[in-house]
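Observations on the model geometry
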Amino acid sequence: MPKVRFIDQNIEVEVPIGTSLLDAARKIDAPEGSACGGVCACSTCHVYVQEGASLLSDAEEEEEDILDKAFDVQMTSRLGCQARLQRDGVVALRITKESLDAFYNEHPDHARPASG
Ligand code: FES
């Protein structure tokens, strides 16, 4: 099964092909925001894919449109709720500050690490 590694949290999860990066994060409680609930209507699930980008589904127009409004967009930017694992391998990513902020706002019960 493909693996998703959350670099800054130093955690990794195996997920079936077809899983979105956001669902992978949810599976292990990685602090990725999802203000719209994963329907491509915010940008709080914004991540930087550092390795394994070719294992993911291509970005569609809706995702590009939303990313246009996100903060600090880079070549490696993807929306976690839209990028799905299509092949076996390892995807390593960093959760953006925008996404971390959203997650901790949405989950006040989760203590934010001092570094994050
Ligand atoms: Fe809102 Fe991904 S959770 S666009």
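The structure under discussion appears in the preceding block.
So, here's what we can say about the structure. Note that this is a predicted model, so its numbers are computed, not measured. (Residues numbered from 1 in each chain as written. Predicted model: local features only at pLDDT ≥ 70, side-chain atom pairs only at ≥ 80, totals over all residues. Heavy atoms only, no water.)

Turning our attention to the overall build of the chain. Check the secondary structure of the chain and you find three helices and five strands. Counted from the first residue to the last, the chain has its helices and strands arranged as β-β-α-β-α-β-β-α. Taken over the C-alpha trace, the chain has a radius of gyration of 13 Å; the compact-globule value for 116 residues is 13 Å, and the two agree within 12%. Along the three orthogonal principal directions, the C-alpha set of the chain runs to about 35 × 30 × 20 Å. Out of the 116 residues in the chain, the part that is buried amounts to 43%. Once local pairs closer than 6 in sequence are excluded, the contacts in the chain between residues at least 24 apart make up 66%. For the chain, the exposed area adds up to about 6200 Å²; of that, 48% sits on carbon and sulfur atoms. (Helix = DSSP H or I, 4+ residues; strand = E, 2+ residues; numbered from the N terminus. Rg over C-alpha atoms; globule rule 2.2 N^0.38 Å. Buried < 20%, exposed > 50% of the residue type's maximum accessible area, 1.4 Å probe, protein only. Contact = heavy atoms within 4.5 Å. Areas by Shrake-Rupley, 256 points an atom, 1.4 Å probe, with all protein chains shown as cover.)

Core analysis: the largest hydrophobic core is formed by 20 residues, its most contacted members being Val 4, Phe 6, Leu 21, Leu 56, Val 91, Leu 93 and Ile 95. Within the residue set of this core, elements represented by two or more residues are β1 (3-6), α1 (21-27), β3 (46-51), β5 (90-95) and α3 (97-106). The contact partners of Ile 95, leaving out residues within four places of it in the chain, are Phe 6, Gln 9, Ala 30, Pro 31, Glu 32, His 46, Val 47 and Leu 100. (Core = buried A, V, L, I, M, F, W, Y, C linked by side-chain atoms within 4.5 Å.)

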